[in-house]
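Each chain is listed here by its residues.
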Amino acid sequence: MIVFRLGRIRTPQGPGMVLLLPFIDSFQRVDLRTRAFNVPPCKLTSKDGAVLSVGADVQFRIWDPVLSVMTVKDLNTATRMTAQNAMTKALLKRPLREIQTEQLKISDQLLLEINDVTRAWGLEVDRVELAVEAVLQPPQDSPTGPSLDSTLQQLALHFLGGGLPSVAGGASPLGPADTLEMVSEAEPPAPHVGAGPSPKQPVAEGLLTALQPFLSEALVSQVGACYQFNVILPSGAQSVYFLDLTTGHGSIGHGVPDGIPDVVVEMAEADLRALLCRELRPLGAYMSGRLKVKGDLAVAMKLEAVLRALK
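Conventions we followed
- Residues numbered from 1 in each chain as written.
- Predicted model: local features only at pLDDT ≥ 70, side-chain atom pairs only at ≥ 80, totals over all residues.
- Heavy atoms only, no water.
- UniProt positions renumbered as here; feature names shortened; annotations may be inferred.
- Helix = DSSP H or I, 4+ residues; strand = E, 2+ residues; numbered from the N terminus.
- Contact = heavy atoms within 4.5 Å.
- Areas by Shrake-Rupley, 256 points an atom, 1.4 Å probe, with all protein chains shown as cover.
- Pairing = 2+ DSSP bridges.
- Phe/Tyr/Trp six-rings, centres within 6.5 Å; stacked < 30°, edge-to-face > 60°.
- Buried < 20%, exposed > 50% of the residue type's maximum accessible area, 1.4 Å probe, protein only.
- Expected span 1.5 Å × (residues − 1).

The protein carries the name Stomatin-like protein 1 in an unreviewed UniProt entry, which gives Vulpes vulpes as its organism. Recorded in UniProt under Sequence similarities (unreviewed entry), the annotation for the protein is "Belongs to the band 7/mec-2 family."

Okay, structure coming up:
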């Protein structure tokens, strides 16, 4: 028990019976036993671009009750924030593989970093145990990432390489002139010999139109939201599209939706292509700043269900 007499701190009293003078003494109890708390799992981005959910378990004890009362107002909250900040800074500097294989080493480093701060508060951390809950997105440079279904991949490549008439209707099969070719992003595609100039369909419009066959009542019941896409074209202009998954089988098209959208998403045309080709996840795009959201972030992350329907 820490006793203040007329505002002046006295020698710690107890345990046991302590005599206090009414109206003159005030006191504060301090628990010297070892206690524990957990840092709730939070989403972090590693050095190689992986998004993971990480938490920690921390055991601590108070070794100087006077310092614990005099130096910090809310000891528990301050210790939790210190542990969470130290964990975040340590993991942002490491790749995913190192985090998974060297958890004990990272935990020991966190123990030292937290104690450097908390010893001045009369508190000492005895143990830190790092816990990787889940890997939400693999590293961006990982060779084994989620692959796109061959049908959608061909559609995406075709829209990037040339126009495709009546894709949404799906009535006419690909003819001899409608050939698909693999286009290297590093080198410009070779020009078609003998092909006359024809207007190219915008990449964003073509890719979003290709989503129409994948819309269903099950997807509408799962998502139940209306999205507006503000796509920034390479020329700097902005093109607006909508994806309405609130009624029927859902609808998609050019322009603003009939009603007020639940979420407005703004991104570049190249990022939209990467998103639909599953080279980019919605959460990773948002955390990296490539996807800007106006509205409920939880509703925006339901776009993951739309991407899963493309498999």
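## Quick word on the overall build of the protein
Scanning the protein from terminus to terminus reveals eleven helices and eleven strands. Pairs at least 24 residues apart make up 66% of the contacts formed inside the protein by residues separated by at least 6 positions. Total accessible area on the protein stands at roughly 17800 Å², and carbon and sulfur atoms take up 55% of it.

## Considering the sheet that holds strand 3 (residues 25-28)
Spatially, the three strands line up as an open sheet ordered 2-1-3, and their pairing is antiparallel. Only two strands of the sheet have a single neighbouring strand rather than two, namely strand 2 (8-9) and strand 3. Relative to strand 3, strand 1 (residues 2-5) runs antiparallel, the two sharing four bridges. Residue Arg-5 lies in a different strand from strand 3, and its bridge partner there is Asp-25.

## A word on the packing of aromatic side chains
Aromatic rings considered in pairs are described by the distance between their centres and by the relative angle of their planes. A complete count under the given rule lists two aromatic pairs for this structure. Residues Tyr-227 and Phe-229 carry aromatic rings whose centres are separated by 6.5 Å and whose planes lie at 35 degrees to one another, so their mutual orientation is tilted. Relative accessible area serves as the criterion here: at 5%, Phe-229 is assigned to the buried category.

## Topic: helix 2 (residues 75-92)
For helix 2, which comprises 18 residues, the first-to-last C-alpha distance of 26 Å matches the rise-based estimate of 26 Å (1.5 Å per residue) to within 8%. What helix 2 keeps buried is the set Leu-75, Ala-78, Thr-79, Thr-82, Ala-83, Ala-86, Met-87, Ala-90 and Leu-91. On its buried face, helix 2 is in contact with strand 4 (35-45), strand 5 (51-62), helix 1 (65-70), helix 3 (96-101), helix 4 (103-118) and strand 6 (123-137).

## Focus: unusual backbone geometry
Unlike most non-glycine residues, Leu-6 shows phi in positive territory, near 55 degrees. Along the chain, Leu-6 falls in the loop between strand 1 and strand 2. Owing to a relative accessible area of 72%, Leu-6 belongs among the exposed residues under this scheme. Positive phi outside glycine occurs at Phe-23, with the angle close to 65 degrees. Judged by relative accessible area, which is 88%, Phe-23 ranks as exposed.

## Re the side chain of Ser-46
Relative to the assigned elements, Ser-46 resides in the loop between strand 4 and strand 5. Once residues within four sequence positions are removed from consideration, Ser-46 is found in contact with Leu-52, Leu-91, Leu-92, Arg-94, Pro-95, Leu-96 and Ile-99.

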